[in-house]
Amino acid sequence: MPQVRMRTLTDDEQALARAKLRDKTLSVRVWERYRIISELASGRRASEVADRVGCHLTVVYDWLHRFNDSGFASF
């Protein structure tokens, strides 16, 4: 499988992700999206993130591509 790289999060994106992961009012789906990106940003492999979050590997890659294209705007 080809290596897909995640772009670097800006300081504002890092702060937003931390805030969203603490937000108890988010839907589970949206919260998982932020968690996927946070786990990838911390250096974990996509397969490891899928196991930790409890989703399929293709979901991780899908949100990785969306994040790389448009940041958190698509969440």
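Check the entry above for the structure.
Enquirer: Sorry if this is basic, but what is going on with the overall build of the chain here?
Expert: The helix and strand tally for the chain stands at four helices and zero strands. The secondary structure elements of the chain, listed N-terminal to C-terminal, are α-α-α-α. Its C-alpha radius of gyration of 11 Å places the chain within 12% of the 11 Å reference for a compact globule of 75 residues. When its C-alpha atoms are laid out on the principal axes, the chain stretches across 35 × 25 × 20 Å. Residues classed as buried in the chain amount to 32% of the 75 residues present. Within the chain, residue pairs in contact and separated by at least 24 positions form 50% of the contacts whose partners lie at least 6 positions apart. Accessible surface, the chain as shown: approximately 5,000 Å² in total, 48% of it carbon and sulfur. Measuring between centres, the 13 positive side-chain charges of the chain sit 3 Å from its 10 negative side-chain charges.

Enquirer: I tried to follow the nonpolar core on my own but got confused; where do I start?
Expert: One broad trend across soluble globular proteins is that nonpolar side chains are buried collectively. The biggest cluster of nonpolar side chains holds 19 residues, and the ones touching the most others in it are Ile36, Ile37, Leu40, Val49, Val60, Phe72 and Phe75. Contributions of two or more residues to this core are made by helix 2 (28-41), helix 3 (46-53) and helix 4 (57-70). When neighbours within four sequence positions are excluded, Ile36 is seen to be in contact with Val49, Val53, Cys55, Val59, Val60 and Trp63.

Rules of the game
- Residues numbered from 1 in each chain as written.
- Predicted model: local features only at pLDDT ≥ 70, side-chain atom pairs only at ≥ 80, totals over all residues.
- Heavy atoms only, no water.
- Helix = DSSP H or I, 4+ residues; strand = E, 2+ residues; numbered from the N terminus.
- Rg over C-alpha atoms; globule rule 2.2 N^0.38 Å.
- Buried < 20%, exposed > 50% of the residue type's maximum accessible area, 1.4 Å probe, protein only.
- Contact = heavy atoms within 4.5 Å.
- Areas by Shrake-Rupley, 256 points an atom, 1.4 Å probe, with all protein chains shown as cover.
- Lys, Arg positive; Asp, Glu negative; His and termini not counted.
- Charge placed at Lys NZ, Arg CZ, Asp CG, Glu CD.
- Core = buried A, V, L, I, M, F, W, Y, C linked by side-chain atoms within 4.5 Å.

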